[in-house]
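Spelled out, the chains give:
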Amino acid sequence: MKDQQTVIMTECTSLQFVSPFAFEAMQKVDVVRLASLSDPELRLLLPCLVRMALCAPADQSQSWAQDKKLILRLLSGVEAVNSIVALLSVDFHALEQDASKEQQLRHKLGGGSGESILVSQLQHGLTLEFEHSDSPRRLRLVLSELLAIMNKVSESNGEFFFKSSELFESPVYLEEAADVLCILQAELPSLLPIVDVAEALLHVRNGAWFLCLLVANVPDSFNEVCRGLIKNGERQDEESLGGRRRTDALRFLCKMNPSQALKVRGMVVEECHLPGLGVALTLDHTKNEACEDGVSDLVCFVSGLLLGTNAKVRTWFGTFIRNGQQRKRETSSSVLWQMRRQLLLELMGILPTVRSTRIVEEADVDMEPNVSVYSGLKEEHVVKASALLRLYCALMGIAGLKPTEEEAEQLLQLMTSRPPATPAGVRFVSLSFCMLLAFSTLVSTPEQEQLMVVWLSWMIKEEAYFESTSGVSASFGEMLLLVAMYFHSNQLSAIIDLVCSTLGMKIVIKPSSLSRMKTIFTQEIFTEQVVTAHAVRVPVTSNLSANITGFLPIHCIYQLLRSRSFTKHKVSIKDWIYRQLCETSTPLHPQLLPLIDVYINSILTPASKSNPEATNQPVTEQEILNIFQGVTGGDNIRLNQRFSITAQLLVLYYILSYEEALLANTKTLAAMQRKPKSYSSSLMDQIPIKFLIRQAQGLQQELGAFSAVPVNHTQVMQIIEHLTLLSASELIPYAEVLTSNMSQLLNSGVPRRILQTVNKLWMVLNTVMPRRLWVMTVNALQPSMKFVRQQKYTQNDLMIDPLIVLRCDQRVHRCPPLMDITLHMLNGYLLASKAYLSAHLKETEQDRPSQNNTIGLVGQTDAPEVTREELKNALLAAQDSAAVQILLEICLPTEEEKANGVNPDSLLRNVQSVITTNTPNKGMEEGEDNLLCNLREVQCLICCLLHQMYIADPNIAKLVHFQGYPCELLPLTVAGIPSMHICLDFIPELIAQPELEKQIFAIQLLSHLCIQYALPKSLSVARLAVNVMGTLLTVLTQAKRYAFFMPTLPSLVSFCRAFPPLYEDIMSLLIQIGQVCASDVATQTRDIDPIITRLQQIKEKPSGWSQLCKDSSYKNGSRDTGSMDPDVQLCHCIERTVIEIINMSVSGI
């Protein structure tokens, strides 16, 4: 096998390939370049050139005619042209037909059949036959051999084989065979797809040479052939003979067309095939494009594979590295060996040239400051050195590369070199330090360990100089301090995370490998006392933001807070944190919020139970107010603010998180007999929370100044229109003037434009001061009562009882812009009430022990808490349902509106698109069907809010419908609230209730839902309702039967309209109801059997009765109106229902 591989690797070395110059000339059809080629180079391109000269061109231009003459002149002196012309004179149509027949024969008899239609009666070997044959037979010989190989490839199922063929091995006839191959592929492209031919050539000797000639004569196929070979290639090419042959062939192709080599490499990565080819092409490109100072293409390529975001590519290339190392001996022919050698050469090329192996004591260095045995890393090499370090980290940590002794020694020499004081130098030192932590096996001898300790000591001494010279705030000194703190607290996993974060890759580091480094740090470099003393004196980072990367003082302080070092040593850290919060800017640094969280925890939770006073001090209220100077309102809303929006938002986050943590830890603090002070409500009132949030989101709008509202509508309109040009922050001082005059907007005759503009201004103010604005608005919209002093509600009152919002002036209910504001406040206070009650339960948790003692029951200590939670939930449910019921009542027309002809059912007529046959009179058109009315708009606003409430908590919808509401509102709620379909889930439960009123309401609700949502689920519930009605018919008394069926019979019409399959069941039910009623009045003089008879006839022959609906007596119910008997009235109602159903079914409605 080894001998065969050696032969295959050297098989093409003696053959002449197409040069890049010649291939480019063929690509561009550059006749001048072609004329400059030598005879051997030109010989390889003859098949294509002869075809160009002889075949009719598509290009009829004069320039091509001249080029064609030059090509003919070029070919005139070449003897081999005659044989190629003879090949082109063959009847290729007949040849293709014979080839197709041979393919069919082989498929029928099996691939191994010796029968051939193309070639028969071979008296000698293929080589002799080829020599003695004319052009047609030569074509048939090569075609037959090629088709045989292609068939075997298709039947091999991906297993590689090597086919010995005289035609492709004889050195005497290689050029003639190549001519035949190129002509065959050009003239029979459908029979011989070039990608399939290329695949077949990999299995014969000299296949790479034939492939390059074939592609050179069809230069436009280069990318197609390369992609096909790569797509059909092996995932790991160096593991098999086929993979190595495929890689060699593609390398020859790319040497012929070097401009496309990187594109081919991209195909390799895209398909995750042939990793050795990708590396080999990169090595070839690196040699051609050598750059001493910059980062080489090899480093960039391999780093991109291992450190990119594509996990599939990373795994694929990592497998290539691991498999390459598992082979017993790597030879110079191995692509992995060549890659490692090239990387090592690049590493050694940037190492300091003057480097003493003698370990010099620090005292000696101090004695001779002008002599440095540690020569520094050149500035132009620092970036390349950092890239090499990251690459080796990825190779060892991700791909599992095991460095040789030479590689380990050179890596350690590079890591412990001393770069210049530049930002790149800081980055290099940080990477070197983390690499030492990640791969401690690189330090294996005492001399190497001493070299590392000296280098770490140099880092500590030079940290201040580097920071001042490089201008980088995040220096490696903070990283050293942070690692030391992690080692002292034995947080090895945190060190591993820090290393992975700095290196920018996730690698596996065993905690046990850090034991020696831990000893060095904790005993020789950073003792605990040094760590604490250094951290306290660390200055804050100016203008701290996410743009400042690396390891900063904030990381060290955060870790010390977590380990409670400050409280342990009784060191106050509050001032440092406050100063750092003040020195922040956008974008927000990711470590700030965790710092605030751990600081709050250190304020509330003592470091130990034995010392409950070991806590940090909170930020004072005065310090907080200093932060918010200039944004708390007043005339100077845009004054020069001392602190950034970032600092204000962080302090706001601190306050809110502190209060939340205080509530969450109430029980723990009570058990420790500690009660930290909460921030006052007056402090919260002085902080414009929403204003800050809007500023942070970049959504603040420009507004202006506000003055007193005059009485004249025109003047009012002019002023409030001017207000829309001003900023929200400048509008804050005038919010009280705006809200206090809202009651004047309820007077009749106020233009709609004024109302809408006020609504817009209110919504703008709501973005910056919602709490205060809501309280002022609720108080301003209270109903005005003479001789009664209005109550001034507070924020606390409204959170306890949100329904106060709805106790406003009744005129608000018919003023849509103000009703929109009212609903906005109602929704907000309902949510605030939930949060308030939850917080109240947590605040009073410390009283639980005394409550439990008063119960005195063993095993029931949790009962009071369960009861309190249940009471809270019950109160919230009652509160929400009461709000919904009040809003539904608002949707009903008032007595005055009813007197004016307003009907809520008619208002929904257009929404439900119910078509009726009777034509309304003109007066009803003007009154009832007017959709542009205030009532309709208020109904829409309310329906939107109810939809949101139902979606947020479906239990509210269930509770409201179990309570019930006027059936006149069902058309409105079903059509106006999109989430009403959830009622289908609990209607069966509602129908099963024992109260007759709930059963009636459920059936009426279902009838509207079936029309709105004609779904399979609605059909099943409707069928259930019909069955329940039939069951109730047998158990209800006469009085209850009348009370139940009179309001529910019209619902049956809706069932039939939505679901025609229910027609038979409903008709049977109606006749059954009529029969029961008839039996109850059989003893009376009034005989109603004729009605039953008519119902039977209608059911049997509906078409004959379809015109009865036009009879006004049926429609208006005027027949037998003198009878007051309930059963008689019910029978007439049944008859009207049946007639309506029959007419609906016949007319197709």
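All chains use their own residue numbering, which begins from 1 and follows the written sequence. Residues qualify for local features only when their pLDDT is at least 70, as the model is predicted, and side-chain atom pairs are given and counted only at 80 or more; totals for whole chains, interfaces and linings, by contrast, use all residues. Water and hydrogen atoms were dropped before computing side-chain values, which therefore reflect all heavy atoms in the structure.

With an unreviewed UniProt entry as reference, the chain is termed Integrator complex subunit 2, source organism Macaca mulatta. UniProt positions are given in the numbering used here, feature names are shortened, and annotations may be inferred rather than shown by experiment. UniProt's Sequence similarities (unreviewed entry) comment on the chain is quoted here verbatim: "Belongs to the Integrator subunit 2 family." Its UniProt record gives the chain the following Subcellular location (unreviewed entry) comment, quoted word for word: "Nucleus".

Undergrad: Can you lay out the overall build of the chain for me, pointing to particular residues and giving the numbers?
TA: Counting its regular elements, the chain contains 62 helices and zero strands. Surface exposure of the chain reaches about 54300 Å², of which carbon and sulfur atoms provide 53%. Counting from the N terminus, the helices are DSSP H or I runs at least four residues long and the strands are E runs at least two residues long. To measure how exposed things are, a 1.4 Å probe is used in the Shrake-Rupley method; for residues, cover is taken only from the protein chains shown.

Undergrad: Let's hear about unusual backbone geometry: which residues, and what values?
TA: With a phi angle near 55°, Cys272 is a residue other than glycine that sits in the positive phi range. Positionally, Cys272 belongs in the loop between α16 (261-271) and α17 (275-288). What makes Cys272 buried here is its relative accessible area of 1%. Within the chain, Leu274 stands out as a residue other than glycine whose phi angle is a positive 55°. Each residue is assigned to one of three classes by its accessible area relative to the maximum for its type, calculated with a 1.4 Å probe on protein chains only: buried under 20%, partly exposed between the two thresholds, exposed over 50%.

Undergrad: Got a sec to walk through the nonpolar core? Specific residues and values, please.
TA: Buried Ala, Val, Leu, Ile, Met, Phe, Trp, Tyr and Cys residues form a nonpolar core when they are joined through side-chain atoms within 4.5 Å. Among the nonpolar cores identified, the biggest contains 351 residues, and Leu253, Tyr654 and Phe1055 are the most heavily contacted of them. When residues of this core are assigned to domains, at least three map to each of domain 1 (11-193 + 200-218) and domain 2 (999-1093 + 1124-1148). Any pair of residues with heavy atoms lying within 4.5 Å of one another is described as a contacting pair. Not counting residues up to four positions away in its chain, the partners in contact with Phe1055 are Ile1003, Leu1006, Ser1007, Cys1010, Ala1022, Ala1025, Val1026, Leu1062 and Ile1066. Either an automatic procedure or a domain database provided the assignment from which the domain bounds are taken.

Undergrad: Please set out helix α18 (residues 297-307) residue by residue, giving values where relevant.
TA: Within the span of α18, buried status applies to Leu298, Val299, Phe301, Val302, Ser303, Leu305 and Leu306. Residues of α18 that are buried make contact with α16, α17, α19 (311-326), α20 (335-350) and α22 (382-397).

Undergrad: Residue-level account of the packing of α17 against α20, with values.
TA: For every element, the axis is a line fit to its C-alpha atoms; helices are fit only across the contacting stretch, and the angle between N-to-C directions ranges from 0 to 180 degrees. In the contact formed by α17 and α20, the axes pass within 9 Å of each other and the chain directions differ by 40°. When the axes of α17 and α20 are compared, the pair comes out oblique. Note that α17 runs across α20; the crossing there is left-handed. Between α17 and α20, the residues in contact are Gly276, Val279, Ala280, Leu283 and Thr286 and Val335, Gln338, Met339, Gln342 and Glu346, respectively. Here is the rule for angles: anything less than 35 degrees is roughly parallel, anything more than 145 is roughly antiparallel, 65 through 115 is roughly perpendicular, and the remaining ranges are oblique. Crossing handedness is read from the near helix: turned anticlockwise from the far helix by less than a right angle, it gives a left-handed crossing, and turned clockwise, a right-handed one.

Undergrad: So, the packing of aromatic side chains: which residues are in play, and what are the values?
TA: Each pair of aromatic rings taken from Phe, Tyr and Trp, with Trp reduced to its six-membered ring, is defined by centres within 6.5 Å and is described as stacked if the planes are under 30 degrees apart, edge-to-face if over 60, and tilted in the remaining cases. Summed over all chains, the structure comprises 14 aromatic pairs. With centroids separated by 4.5 Å and ring planes inclined at 10°, the aromatic side chains of Phe17 and Phe252 adopt a geometry described as stacked. Highlighted residues: Phe17 in the loop between α1 (2-10) and α2 (20-28) and Phe252 in helix α15 (residues 241-256), separated in sequence by 235 residues. In this structure Phe17 comes out as buried when scored by relative accessible area, which is 19%. When the ring of Phe962 is compared with that of Phe986, the centres are 6.1 Å apart and the planes differ by 50°; the resulting orientation is tilted. Taken as a pair, Phe962 in helix α53 (residues 954-963) and Phe986 in the loop between α54 (970-976) and α55 (987-991) lie far apart in primary sequence, 24 residues in all.

Undergrad: Quick one: what's the story with the side chain of Thr416, residue by residue and with numbers?
TA: Within the secondary structure layout, Thr416 lies in the loop between α23 (405-415) and α24 (423-438). By relative accessible area, which is 2% here, Thr416 ends up buried. Within the structure, Thr416 has its side chain in polar contact with the backbone oxygen of Leu412 (distance 2.8 Å). As used in this structure description, the phrase polar contact means that two N or O atoms lie within 3.5 Å; if the pair is within protein, one of them must be able to donate a hydrogen and the other to accept it, and residues adjacent in sequence are counted only when both atoms belong to side chains.

Undergrad: Would you mind going over the pattern of salt bridges in detail, with residue names and values included?
TA: Note on definitions: salt bridges are taken to be side-chain nitrogens of Lys or Arg within 4 Å of carboxyl oxygens of Asp or Glu. Evaluation of the coordinates by the stated rule reveals 28 salt bridges. Linking Arg340 and Glu407 is a salt bridge whose minimum nitrogen-to-oxygen distance equals 2.7 Å. One end of the pair, Arg340, is in helix α20; the other, Glu407, is in helix α23, with 67 residues separating them in the sequence. For Arg340, a relative accessible area of 11% translates into the label buried. By relative accessible area, which is 4% here, Glu407 ends up buried. Measuring nitrogen to oxygen at the nearest pair gives 2.5 Å for the salt bridge that ties Glu937 to Arg752. Residue Glu937 is found in helix α52 (residues 934-952), and its partner Arg752 is found in helix α42 (residues 752-766); the two are separated by 185 residues along the sequence.

Undergrad: How would you explain the environment of Ser542 if you had to name every residue and give the values?
TA: When you line up the elements, Ser542 lands in the loop between α29 (528-537) and α30 (553-562). Sequence separation of Ser542 and Thr584 is 42 residues, and the distance between their C-alpha atoms is 7.1 Å. Setting aside residues no more than four positions away along its own chain, Ser542 makes contact with Ile548 and Glu583.

Undergrad: Any chance you could break down the state of the cysteines for me, citing the residues and the numbers?
TA: Cysteine sulfur atoms are paired as a disulfide whenever they come within 2.5 Å of each other. The tally for this structure, following the rule as stated, stands at zero disulfides. Summary of cysteine pairing: Cys1131 is not part of a disulfide, and the nearest cysteine sulfur, belonging to Cys1077, is at 4.5 Å. We classify Cys1131 as buried; its relative accessible area is 1%.

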